[in-house]
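This is what each chain is made of:
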Amino acid sequence: MHERRIPEWVRHAPAPSVRDFGILAGLEAVVRGILISVFPLVIYRALGDAGAVSSVYFSIGIVSLLVGLMVPSLIRFVPRRWAYSFGTGLFIVSALLAIEGSPMAVIAALALNTVAAVTTFICFNAYVLDYINRIELGKCETSRMLYSALGWTGGPMMGVIAMEYWPPAPFVISALAAVAMLIVFWRMRLGNGKHISRAKAQTGNPLTFLPRFFAQPRLVAGWLFAVIRSCGWWIYVVYLPIFAIEAGLGDQLGGILLSFTNGMLFAAPLILRWMQRTSVKRTVRTGFLAAAACFIAATALAGLPSLAVAMMVAGSLWLIVLDISAGLPFLMAVKPSERTEMSAVYSSYRDVSGILTPGAAWLVLLVSPVAGIFAAGGAAMIGAWAIAAHLHPRLGKARITMEPAKPPSDSETPLELA
């Protein structure tokens, strides 16, 4: 009798949709996007030395990688909803520390922001794998990109402009967006995800799931795609502006080009349609090969800086295609019982690329100018293109399964993921 007075949505929370996850990702894009161009400036002003800034980023990258590997162990003792909430809270604390402004506070703010991004990313991916059907992962990834487009497009430029008028402004906006992100998360009522038991008990050592990762070639290939794609973005975001400054094209060109490229995220639905008409394999291979050609061409045209920059911009558009498609081989290969652990492995691609790219760039600069880094990135993408040749040609497509014989009039067959 009393149950009739309880709203149905309270007794049985509706399953989160692709759109819900897109909105959550869009809020995170605002939290992080508005600070992506602000943190380097703030840290440089606090430390006053580019070498010290590089050391800070390198050290924080290592810390972030270790934290990412520890998150699955944390979730065994702390419910996933609280782990995600904790990560969101770190975004808020990070913004408050950055407003304080001292060198140590700014470094701590960057560290907390990075750890928060890793924690929420792992939990977010685990929730997606829990609630989104594998056949809809491509749609979910596209929705995530589309809703994130505004934050990543307008955020970098708005953050720098707002800081000129009032230094704490971008951090205040980021903190408010984090609060909104936390509210939306709890309204989605994701809980702790779906529980799937294993045949064997889990161990507390966070490194014990790495052998399971390396024993699955499809996961390794998907992770490599993410690392190489992220290295391409590192080159575009960090080293293209340096090239432009050295070529006399101005110190604002890099930020303008980044906003332009991120604006292409609004074309995510069109890219999804193209991928659905072809296949995940063909989309991934085409993206890596085209981006590699553009990056290598930029090196060849280094004597004509404007053309070289144009080729890098063209290559970044193919990186957008890879943002939508190159993560699917990993996500589609994850076993349900390993969602949290493998999400932690997958999230490490950002930290690994953040360590590999500066290290490789340092070696390249010993024998080549900055433009040589573009060619090095192109070579890595050619390697990813070769690896993608081993993907299943029907990955992400529907396939027909065998059923018992039926009368001719009942010959329809169900669809499953290839």
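Our subject is the structure listed above.
Keep in mind the model is a prediction, meaning the values are calculated, not measured. (Residues numbered from 1 in each chain as written. Predicted model: local features only at pLDDT ≥ 70, side-chain atom pairs only at ≥ 80, totals over all residues. Heavy atoms only, no water.)

Undergrad: What's the story with a nonpolar patch on the surface in this structure? I'm lost.
TA: Where nonpolar side chains cluster on the molecular surface, the patch consists of M157, I161, Y165, W166 and I256 and spans about 600 Å² of accessible area. Here the nonpolar patch gets three residues from one element, more than from any other, and that element is helix α7 (residues 137-165). (Patch = residues over 30% accessible without salt bridge, like charges linked within 9 Å, V, L, I, M, F, W, Y side chains within 5 Å. Areas by Shrake-Rupley, 256 points an atom, 1.4 Å probe, with all protein chains shown as cover. Salt bridge = Lys/Arg side-chain N within 4 Å of Asp/Glu carboxyl O. Helix = DSSP H or I, 4+ residues; strand = E, 2+ residues; numbered from the N terminus.)

Undergrad: Honestly, helix α8 (residues 169-188) in this entry has me stumped. Any pointers?
TA: Each α-helix winds once per 3.6 residues, and so residues spaced three or four apart point in a common direction. The terminal C-alpha atoms of α8 lie 29 Å apart, and with 20 residues this matches the ideal 28 Å at 1.5 Å per residue to within 8%. Among the residues trailing α8, R189 stands out with phi positive, at a value near 55°. (Expected span 1.5 Å × (residues − 1).)

Undergrad: I would appreciate a short explanation of the pattern of salt bridges in the present structure.
TA: Proximity of charged atoms lets side chains of opposite charge pair with each other. Summed over the entire model, instances satisfying the criterion amount to two salt bridges. Where R32 meets E28, a salt bridge forms, and the shortest distance between an N and an O atom there is 3.9 Å. Taken as a pair, R32 and E28 lie in helix α2 (residues 18-33) at a separation of four residues, close to a single helical turn. You can call R32 partly exposed: its relative accessible area is 22%. Residue R229 is joined to D323 by a salt bridge in which the shortest nitrogen-to-oxygen separation is 3.1 Å. Taken together, the positions of R229 in helix α10 (residues 217-246) and D323 in helix α14 (residues 305-325) put the pair 94 residues apart, joining distant regions of the chain. Here D323 falls in the buried class, since its relative accessible area comes to 11%. (Buried < 20%, exposed > 50% of the residue type's maximum accessible area, 1.4 Å probe, protein only.)

Undergrad: What is the right way to read the side chain of T119 from this model?
TA: Checked against the element boundaries, T119 lands in helix α6 (residues 103-131). When its relative accessible area of 3% is taken as the criterion, T119 is described as buried. Setting aside chain neighbours within four positions, we find T119 in contact with V71, A83 and G87. (Contact = heavy atoms within 4.5 Å.)

Undergrad: Would you explain the packing of helix α13 (residues 280-300) against helix α17 (residues 371-387) in this entry?
TA: When two helices pack together, their arrangement is given by the angle between their axes and by how far apart the axes lie. One way to put it is that α13 packs onto α17 with a least axis distance of 8 Å and a crossing angle of 160°. Considering their axes alone, α13 and α17 lie roughly antiparallel with respect to each other. Note on packing geometry: the crossing formed by α13 with α17 is left-handed. On α17, the residues that touch R285, F288, L289, A291, A292, F295, I296, A298 and T299 of α13 are A371, G372, F374, A375, G378, M381, I382, A384, W385 and A386. Counted by class, the contact of α13 with α17 contains 15 nonpolar, three polar and one charged residues. (Axes fitted to C-alpha atoms, helices over the stretch in contact; angles between N-to-C directions. Parallel < 35°, antiparallel > 145°, perpendicular 65-115°, else oblique. Left-handed = near helix turned anticlockwise from the far one by under 90°. Nonpolar A, V, L, I, M, F, W, Y, C, P; charged D, E, K, R; others polar.)

Undergrad: Explain the packing of α13 against α14 to me, please; I cannot follow it from the model alone.
TA: Put simply, α13 and α14 touch, their axes get as near as 8 Å, and they point 160° apart. As summarised for this structure, α13 and α14 are arranged roughly antiparallel, according to the angle between their axes. When you trace α13 past α14, the crossing you get is left-handed. Here α13 contributes V280, T283, V284, T286, G287, F288, A290, A291, C294, F295, A297 and A298 to the contact with α14, which in turn contributes A308, M311, M312, A314, G315, S316, W318, L319, V321, L322 and S325. Of the residues in the contact of α13 with α14, the class split is 17 nonpolar, six polar and no charged.

Undergrad: What should I look at first to understand helix α12 (residues 268-277) in this one?
TA: Restricting attention to buried positions, one finds in α12 the residues A268, I271, L272 and M275. Projected down its long axis, α12 carries its buried residues within an arc of 105°, all on one side. In α12, those exposed residues whose orientation departs by more than 90 degrees from the buried face are L270, R273 and R277. (Arc of directions from axis to C-beta.)

Undergrad: What's the story with the side chain of S316 in this structure? I'm lost.
TA: Note that S316 resides in helix α14. By relative accessible area, S316 is classed as buried at 0%. If sequence neighbours within four positions are ignored, S316 has contacts with W233, Y236, T261 and F295.

Undergrad: Explanation requested: the environment of I173 in the structure shown.
TA: The residue I173 is located in helix α8 in this model. Using a relative accessible area of 31% as the deciding quantity, one classes I173 as partly exposed. For the pair I173 and A162, spaced eleven residues apart in sequence, the C-alpha separation works out to 9.7 Å.

Undergrad: Before we go on, may I ask you to explain the nonpolar core in this structure?
TA: Nonpolar side chains tend to gather and get buried jointly when the protein is soluble and globular. Counting residues in hydrophobic clusters, the biggest one holds 45 residues, and the most contacted among them are F225 and F288. Taken together, the elements giving at least two residues each to this core come down to α10, α11 (253-263), α12, α13, α14, α15 (328-333), α16 (339-365) and α17. The residues touching F288, leaving out its near neighbours within four places in the chain, are F225, I228, R229, L322, A326, M381, A384 and W385. Grouped together as the second largest cluster of nonpolar side chains are 28 residues, A25, V118, I122 and Y127 included. (Core = buried A, V, L, I, M, F, W, Y, C linked by side-chain atoms within 4.5 Å.)

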